[in-house]
Amino acid sequence: MHRTRLYIDGKFTAPEDGGYFPAIDPATEEAFAEVAAGQAGDIDRAVRAARRAFDAGEWSGLDGPARADILRRIAEGIRGRLTEIALVEVRDNGKPIPEAEWDVADAAFCFDYYAGLAAENAGRKAEEVDVGDARFRASVSREPLGVVGAITPWNFPLLMAVWKVAPALAAGCTIVLKPSELCSLSCEMLAEVIDAAGVPPGVFNLVTGTGPEAGQALADHPLVDKVAFTGSVATGRKVMQAASAGIRTVSLELGGKSPFIIFEDCDIDTAVEWVLFGIFWNKGEVCSATSRVLVQRGIFDRLVERLRIAAEAIAIGSGKTPGVKLGPLVSKNQYDKVLDAIEAGKRSGARLVTGGDRPEGFDRGYFLRPTIFSGVPTDSTIWREEIFGPVVCVNAFDTEQEALTLANDSAYGLAAAVMSDDLERCERVAAKLRAGIVWVNCSQPTFTQVPWGGRKMSGIGRELGRAGFDACFETKQITRFDHRERWGWYLEAPQ
């Protein structure tokens, strides 16, 4: 059975206390690997290595094109192991192999994209600013932020890690990565690729382990300049509290309960396709999943029935099986949480249209049939709280304003979607949706080139795009006084 390793200061190593915990295949409920259980001491070694590497300037002092060359080698290294990494993610997370391959390819592209920004940024000079006094010259420049502590989730194990690692390295920062204990194996493979690409020791470090042990230690560490976290709201609060003790920069990408408004002038089959993709992709374990669907009353009954038929036809099984579109949930704990939410939905008075239980023929594994509720009370937990599973709630509306009111009535503000053949209406609605990401006539497409992040309880800050790169810098002002002049405030200037 494979035992994972930590990667600290350019070396693969065992955890200090020699502890490990099992990696469980969610399709079989069997252990298939042992994951290194990093502790506070391992985090301290990793952070100190990152601090030393940053302060030495071996990486941050490289010019942009040199860093870009190494980032491109990382991208090629990922592509060279694409199938291997994808298969590991299938076994670790449960997602179907085509989805895993898509994720790994996106991770490689992310390194290429930020390599381009690193090279471009090298040519930028400090911006000169006219302050209105000829005796002074002022300039504004950007410097790499420092040591980044990244804590990443289990739903997109490699991709979510790369969203943090690639821009940080491109900017010249050093980083300590702590992936979710539920899905850590592909991040060990990322460390192997980074090591082979020639990144200097200490620039990238990997410490696997649990949130209470390794994650908390990373968020608390005084030598970390920024904590970047993706995960639940509850854990995000703890990360923010820990970062506040040291007045450190923090970015949080948290939960969502994203609405999808569908007007009656659109094609029903097209709408159904995007509803399915919006909630059943990656088993619904997606922070931006459009899990609250609002359908104009004129097509409500037809759309719900068509959605039921399509959902019941989705192929369920192990992610390694060809044709499967819905794999098992990631863990026993997550499976039980989703089942509890479904039972709460039944008690709320919502109508269970389909699903809500284990599919026939699956005695083992955390499999769940695609689940649809309609007529959902808007004060119920399944309408208001994130479920993070293949469960969608569908309600009717009459007017555009009613749809907007229902859509925006949420503590979350990560994403939203609107569908209509009336493009002017789409743009009007999109402008009024209180979310960081809005999709028009689609749901869930994600591109490295544009920023990602939410409002309200969905988080703080942005990843991806140039915004994700800019978030890895500090801004510095330098003001220069003409040395040939005398200030003469306390000491009289010579006559």
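Read on for an overview of the structure. Position labels on residues start from 1 in each chain and follow its written sequence. The predicted nature of this model means local features are confined to residues of pLDDT at least 70 and side-chain atom pairs, given and counted, to a pLDDT of 80 or more, with totals for whole chains, interfaces and linings taken over all residues. Excluding hydrogens and water, the side-chain values take into account all heavy atoms of the structure.

1. Section: the overall build of the protein chain
At step 1: Put simply, DSSP marks the helices as runs of H or I at least four residues long and the strands as runs of E at least two long, and each gets a number from the N terminus on. Summing up its helical and strand segments, the protein chain has 15 helices and 23 strands in all.
At step 2: Here the protein chain has a C-alpha radius of gyration of 25 Å; the compact-globule value for 495 residues is 23 Å, and the two agree.
At step 3: Oriented by its inertia axes, the alpha-carbon framework of the protein chain measures out at about 90 × 55 × 40 Å.
At step 4: Residues classed as buried in the protein chain amount to 56% of the 495 residues present.
At step 5: Only four residue types enter the charge count, namely Lys and Arg as positive and Asp and Glu as negative; His and the chain termini do not. In plain terms, the charge of a residue is placed at NZ if it is Lys, CZ if Arg, CG if Asp and CD if Glu. The positive charge centre, built from 55 side chains, and the negative charge centre, built from 68, are 3 Å apart in the protein chain. Each radius of gyration is computed over the set of C-alpha atoms, and the globule rule expresses the reference value as 2.2 Å times the number of residues to the power 0.38. Here the term buried applies to any residue with accessible area under 20% of the maximum for its type, exposed to any over 50%, and partly exposed to those in between, with areas from a 1.4 Å probe on protein chains only.

2. Here we look at a positive patch on the surface
At step 1: Taken together, the side chains of Arg434, Arg455, Lys456 and Arg462 present a region of like positive charge at the surface.
At step 2: Take Arg462: its relative accessible area is 31%, and that puts it in the partly exposed class. What goes into a patch is any residue over 30% in relative accessible area without a salt bridge, connected to like charges within 9 Å or, for nonpolar side chains (Val, Leu, Ile, Met, Phe, Trp, Tyr), within 5 Å. Note that accessible areas follow from Shrake-Rupley with a 1.4 Å probe, and for residues the cover is restricted to the protein chains shown. By definition, a salt bridge exists where a carboxyl oxygen of Asp or Glu is found within 4 Å of a side-chain nitrogen of Lys or Arg.

3. Comments concerning the pairing of strand S20 (residues 437-440)
Walk down a regular strand and you will see the side chains alternate between the two sheet faces.
At step 1: Along S20, the buried face is formed by Ile437 and Trp439; none of Val438 and Val440, which line the opposite face, is buried.
At step 2: DSSP-based pairing: two strands are paired if at least 2 bridges between them are found. Bridging between strand S19 (residues 415-419) and S20 involves four bridges; their strand directions are parallel. Pairing of Ala415 across the sheet is with Ile437, part of S20.
At step 3: Following the backbone out of S19, through helix H14 (residues 423-432) and into the adjacent parallel S20, one traces a crossover that is right-handed. Look down the strands so they point away from you; if going from the first strand over the helix to the second traces a clockwise path, that crossover is right-handed.

4. Quick look at a negative patch on the surface
At step 1: There is a patch of like negative charges on the surface, built from Asp267, Asp421, Asp422 and Glu424.
At step 2: Assignment of secondary structure puts Asp267 in the loop between strand S13 (259-262) and helix H9 (268-280).

5. Examining the packing of aromatic side chains
At step 1: What counts as a ring pair is set by centres within 6.5 Å for rings of Phe, Tyr and Trp (its six-membered ring), and what kind of pair is set by the plane angle: stacked under 30 degrees, edge-to-face over 60, tilted for all other angles. For the coordinates displayed, the defined rule picks out 17 aromatic pairs.
At step 2: Aromatic side chains Tyr114 and Phe469 sit 6.4 Å apart centroid to centroid with 35° between the ring planes, which places their arrangement in the tilted category. One end of the pair, Tyr114, is in helix H4 (residues 97-122); the other, Phe469, is in helix H15 (residues 465-470), with 355 residues separating them in the sequence.
At step 3: Residue Phe469 is classed as buried on the basis of its relative accessible area of 0%.

6. Topic: a nonpolar patch on the surface
At step 1: A cluster of nonpolar side chains, contributed by Phe481, Trp487, Trp489, Tyr490 and Leu491, occupies part of the molecular surface with about 740 Å² of accessible area.
At step 2: Considering the arrangement of structural elements, one finds Trp487 in the segment after strand S23 (473-481).
At step 3: Given a relative accessible area of 51%, Trp487 falls into the exposed group.

7. Focus: the nonpolar core
At step 1: Of all hydrophobic cores here, the largest spans 112 residues; its most connected members are Ile74, Phe111, Phe204 and Ile262.
At step 2: Dropping the residues within four chain positions of it, Ile262 is found in contact with Ala271, Val275, Val293, Leu294, Val295, Gln296, Ile299, Leu303, Phe397 and Met419.
At step 3: To form a nonpolar core, buried Ala, Val, Leu, Ile, Met, Phe, Trp, Tyr and Cys residues must be joined to one another through side-chain atoms within 4.5 Å. In terms of nonpolar packing, the next biggest core, distinct from the first, is built from 29 residues, Ile261, Phe263, Val376 and Ile382 among them. The contact criterion used is simple: two residues touch if any of their non-hydrogen atoms lie within 4.5 Å.

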